[in-house]
Amino acid sequence: MFNLRSLFAFWALMVVFLGSAERAQAQTTGGGVTVTVPNTGVRRDHQDYAGKVLVTQINYKDCFSEDFFTFTVNLGTGYANYGLEVWAGTGCETQTNRNPATATCWRVADPVAPTSIIVNNLKVPVRALLSGRTGGSNVGTGGSGGTDATGGTGGVDASVGGGGGTDVSSGGTGGGGSASVPPDAPSECTPTSAAVLPATLSLYFLMLDSNSMVGGQFVYKVTYKLNAPAPPSGVTSGSGENIAPVYWTTPSTGDNTIDGYQFYCDPGPGEAGLAESNVEWDPNILPVDCPESSILTPGTRPADKYKCGSANKGSTSGTATNLVNMVPYRVAVAATDTYRNVGVISDAACAIPQPVTGFFEAYRGAGGEGGGGFCSFSRHARPVLLLTVLGLGLCLVLRRRRAT
Amino acid sequence: MKRFVLGLILGLSPVASAQAQGVDEFGAYGRIANHGESAQIGLVEARFGPYNPNVDKSVDGSPYQDTFGDSTRYMLGLEGDWQLLRIPHLGTLGPGLGWGYTRSSGYARLTSDLDKLSSEKTALTIMPVYLVAVLRADVLPREFGIPIVPYAKLGLGTAFWWSSDGGETAYAGSVKGTGISYGPQFALGGMFLLDVLDQSTARDADVSLGINNSYLFAEWYGSELDAFGSNKRLNAGANTWVVGLAIEF
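Small disclaimer: the values here were computed from a predicted structure and weren't measured.

### Comments concerning the overall build of chain A
Okay, step 1: Of regular secondary structure, chain A possesses six helices and 17 strands.
Okay, step 2: Burial analysis of chain A (404 residues in total) assigns 42% to the buried set.
Okay, step 3: For chain A, the proportion of contacts with a sequence separation of at least 24, taken over those separated by at least 6, is 71%.

### Some points on the overall build of chain B
Okay, step 1: Scanning chain B for helices and strands turns up four helices and 14 strands.
Okay, step 2: Taken across its 249 residues, chain B has 43% of its residues classed as buried.
Okay, step 3: Counted over contacts in chain B with a minimum sequence separation of 6, partners at least 24 positions apart contribute 65%.

### So, helix α4 (residues 199-209) of chain B
Okay, step 1: Of all 11 residues making up α4 of chain B, only one are buried, and the element is barely covered by its neighbours.
Okay, step 2: A positive backbone phi angle near 80 degrees is found at Gly 210 of chain B, which sits one or two residues after α4 of chain B.

### Description of the sheet that holds strand β9 (residues 214-225) of chain A
All names here are of chain A.
Okay, step 1: Read from one edge to the other, the open sheet built from five strands follows the order β3-β9-β8-β5-β6, with strand pairing classed as mixed. Looking along the sheet, the strands with just one partner apiece sit at the ends: β3 (57-59) and β6 (105-107). Strand-to-strand twist in this sheet, taken as the mean axis angle between neighbours without regard to direction, amounts to 35 degrees.
Okay, step 2: Judged from the three bridges that link them, strand β5 (residues 83-89) and β6 form a sheet pairing that is antiparallel. Opposite Trp 87, over in β6, you have Arg 107 as the bridge partner.

### Things to note about unusual backbone geometry
Residue and element names in this part refer to chain A.
Okay, step 1: Across the junction of Asp 266 and Pro 267, the peptide omega takes the value 0 degrees, indicating a cis bond.
Okay, step 2: Even without glycine at this site, Glu 66 takes up a positive phi of about 55 degrees.
Okay, step 3: Note on placement: Glu 66 falls in the loop between α2 (60-64) and β4 (68-75).
Okay, step 4: Positive phi is not limited to glycine here, since Met 326 has a value of about 70 degrees.

### Here we look at the confidence of the model for chain B
Residues and elements named next belong to chain B.
Okay, step 1: Overall, the predicted model of chain B reaches an average pLDDT of 85, with 86% of residues at or above 70.
Okay, step 2: Mean pLDDT in chain B bottoms out at strand β2 (residues 27-28), which sits at 39, and peaks at strand β4 (residues 74-82), which reaches 97.
Okay, step 3: A low-confidence stretch, residues 1-33 (pLDDT under 50), is modelled with 52 contacts involving residues beyond four sequence positions or located in other chains.
Okay, step 4: Model confidence for the complex: the whole-complex pTM is 0.65, and ipTM, which rates the interface, is 0.82.

### Topic: the sheet that holds strand β12 (residues 258-266) of chain A
Residue and element names in this part refer to chain A.
Okay, step 1: If you walk across this open sheet you meet the four strands as β13-β12-β15-β16, and the pairing is antiparallel. The open sheet has two free edges, formed respectively by β13 (307-312) and β16 (349-351), since each of these has just one partner strand. Direction aside, the axes of adjacent strands within the sheet are offset by 35 degrees on average.
Okay, step 2: Bridge count between β12 and strand β15 (residues 329-337): eight bridges; the pairing is antiparallel. Bridging from a neighbouring strand, Gln 262 pairs with Ala 334 of β15.

### Let's talk about the nonpolar core
Okay, step 1: If you look at the biggest cluster of nonpolar residues, it comprises 77 residues, and the most contacted ones within it are Val 108, Phe 205, Ala 320 and Val 331 of chain A.
Okay, step 2: Top element by residues in this core is strand β8 (residues 199-208) of chain A. It accounts for eight residues.
Okay, step 3: Counting contributing residues, this core receives three or more from each of domain 1 (28-225) and domain 2 (233-351) of chain A.
Okay, step 4: Excluding anything up to four places from it in sequence, Ala 320 of chain A contacts Ile 243, Ala 244, Val 246, Phe 263, Cys 265, Cys 308, Gly 309, Val 331 and Ala 351 of chain A.
Okay, step 5: Counting residues in hydrophobic clusters, the runner-up holds 34 residues, among them Ala 362 of chain A together with Val 55, Val 134 and Tyr 215 of chain B.

### Things to note about the confidence of the model for chain A
Residue and element names in this part refer to chain A.
Okay, step 1: Put simply, chain A has an average pLDDT of 80, and 73% of its residues get 70 or more.
Okay, step 2: Predicted confidence is poor over residues 19-30, with pLDDT under 50, and the contacts of this stretch with residues over four places away or in other chains come to 15 contacts.
Okay, step 3: Within the model, pLDDT remains below 50 along residues 135-178, and this stretch shows 137 contacts once partners closer than five positions in the same chain are excluded.

### Considering the environment of Glu 292 of chain A
Okay, step 1: Within the secondary structure, Glu 292 of chain A sits in the loop between α4 (270-277) and β13.
Okay, step 2: The class of Glu 292 of chain A is exposed, set by 11 C-beta atoms lying within 10 Å.

### Some points on the pairing of strand β7 (residues 113-136) of chain B
Residue and element names in this part refer to chain B.
Okay, step 1: Judged from the 16 bridges that link them, strand β6 (residues 91-110) and β7 form a sheet pairing that is antiparallel. For Arg 103, the partnering residue across the bridge sits in β7 and is Thr 125.
Okay, step 2: Connecting β6 to the antiparallel partner β7 that follows it, the hairpin turn spans two residues.
Okay, step 3: Two elements, β7 and strand β8 (residues 148-165), share 15 bridges in a ladder whose sense is antiparallel. Paired with Leu 131 across the strands is Leu 156, a residue of β8.

### Quick look at the environment of Ala 334 of chain A
All names here are of chain A.
Okay, step 1: In this fold, Ala 334 is placed in strand β15.
Okay, step 2: Residue classification places Ala 334 among the buried positions, given that 26 C-beta atoms sit within 10 Å.
Okay, step 3: In this structure the C-alpha to C-alpha distance between Ala 334 and Phe 263, which are 71 residues apart in sequence, comes to 6.5 Å.
Okay, step 4: What Ala 334 contacts, discounting residues up to four positions off in sequence, is Pro 231, Tyr 261, Gln 262, Tyr 264, Arg 301, Val 342, Gly 343, Val 344 and Ile 345.

### Brief notes about the environment of Gln 199 of chain B
Okay, step 1: Mapped onto the fold, Gln 199 of chain B is located in helix α4.
Okay, step 2: Along the backbone, Gln 199 of chain B and Asn 213 of chain B are 14 residues apart, and their C-alpha atoms lie at a distance of 10.0 Å.

Procedures and definitions
- Residues numbered from 1 in each chain as written.
- Chains lettered and ligands numbered in written order.
- Predicted model: local features only at pLDDT ≥ 70, side-chain atom pairs only at ≥ 80, totals over all residues.
- Helix = DSSP H or I, 4+ residues; strand = E, 2+ residues; numbered from the N terminus.
- Buried ≥ 20, exposed ≤ 12 C-beta atoms within 10 Å, placed from the backbone.
- Contact = placed C-beta atoms within 7 Å.
- Pairing = 2+ DSSP bridges.
- Axes fitted to C-alpha atoms, helices over the stretch in contact; angles between N-to-C directions.
- pLDDT = per-residue confidence, 0-100.
- Core = buried A, V, L, I, M, F, W, Y, C linked by C-beta atoms within 7 Å.
- Domains from an automatic or database assignment.

Spelled out as structure tokens, the structure:
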């Protein structure tokens, strides 16, 4: 039998049940104070490809451009007895892991003394997040020497700060380079291993008392990928009209993170790129060769203004576009990955766009008058047969009507 | 073109009305046929064959052959027929609607030296669509036990086509390289009744799937999609043969 009161009671019970389940998923408590970061409480200041990638993803450009996270943290009652600190690393809820001598964690934001249950605008710089990595793990330790292949880490200031401030930005990685990032890459943004797969980094929002004991915590996971794929090899180009077909051999590293290819041209695309380059050219003279480029140096990552096309994952050819005929271009290719990292460029090939005659031009040149769009109709076409067929159809209809 | 299609549909409408009543001047139909077969209402074909469009027939010179060479291109297609009328001691008659797809590609030539190829791809894609009246004389297998069904098709074809250079829509001056061609279309062919090879399976297919008969077929067809002799339309039709598999249901 229908009972409205029972129905309300059932739905109230469901709401309580679902609400508690949601909270259980969103928060982790390590003591007497609840700490939560709602999904809507995470923002990025200028994330690369914001809205197209997860807010938790970090790529090289995010690090290079000094992007930062802004968190809103919700606290439970009793917060006034604690300070809020944000650490990155492994097992940061354990005090010894925040101890400089045995640290596996590093602090990534200045400590906060909460004045209400909501802490707004807690900023965590991406570079600070990435500063404590070493060897591809999340462990922040003393510095190690870098190599050209992997880079190394410098010392990390992982001192415990129960309430006092610590300059988190001072921790940084040491020198060393990587084949997949430019030589001038900031130390925090340099990969610490040759691994190409994304890595996960845990952020610990800790409520710490005056003895650095944890009174509550929340763990937020981000993923980062700084290694871009190696460039393709065997890059060649050819002639097209205002374009340059580009061909390459995919990198033999078996990098499954490759998600596409980016083309770079010198001079840059369009009339603007040509004007900026100061290249001398004559629209009536076909150049015989391309001069060497000081922009497209293999192993570097040119500025975005030199981008002149892209190709999808799995392609071995593509088209550099918006070029000017009779101008000698150098064209290079970089691989891109699932985190939108753009790798360093390959050797540059020579391309000289020039007018070509495709099928449709040849057809029109031979006197054909077709074309002009799917909806185009010529006033000079022969409608007689069409009208005849239409008339026959009409006659059949009329004949049938008479019969009935 | 819309008027033409409308006219053709209107022309067929009296017959459609007759079918709805279940009776026409040839007698009743639309019910279980002889030999315990399920009702037979139509046929679908999967088609494959060479397709070299008649582009060069409507213009001076040979732009198609010069661009794409003389190697054979192929077309994939589908056709669905509605077997509207059963003509006693002859076969079925009804409208058929077909669709196909073919693409030719090659390298554009350097304008400065037409004997030399550039690295830029140029392509012509054609998607023929046609509406035909189809007569299938299945009297031979039905009344004489000969597993052959000759057939004929006549109607109008059209083709959507588009040309590209370097992966982008082609232009000649300001004229866009896309269009629609139309013209007459006919076909003559024969189907071999596969049911005779395994009658038990054929019966099962009818009982479980409603497939009355299945055929292998070969057909010669011609389509002159040049707007009835004009060079105002790219002649995207072809005179060629096609083979395929057909099932009646």
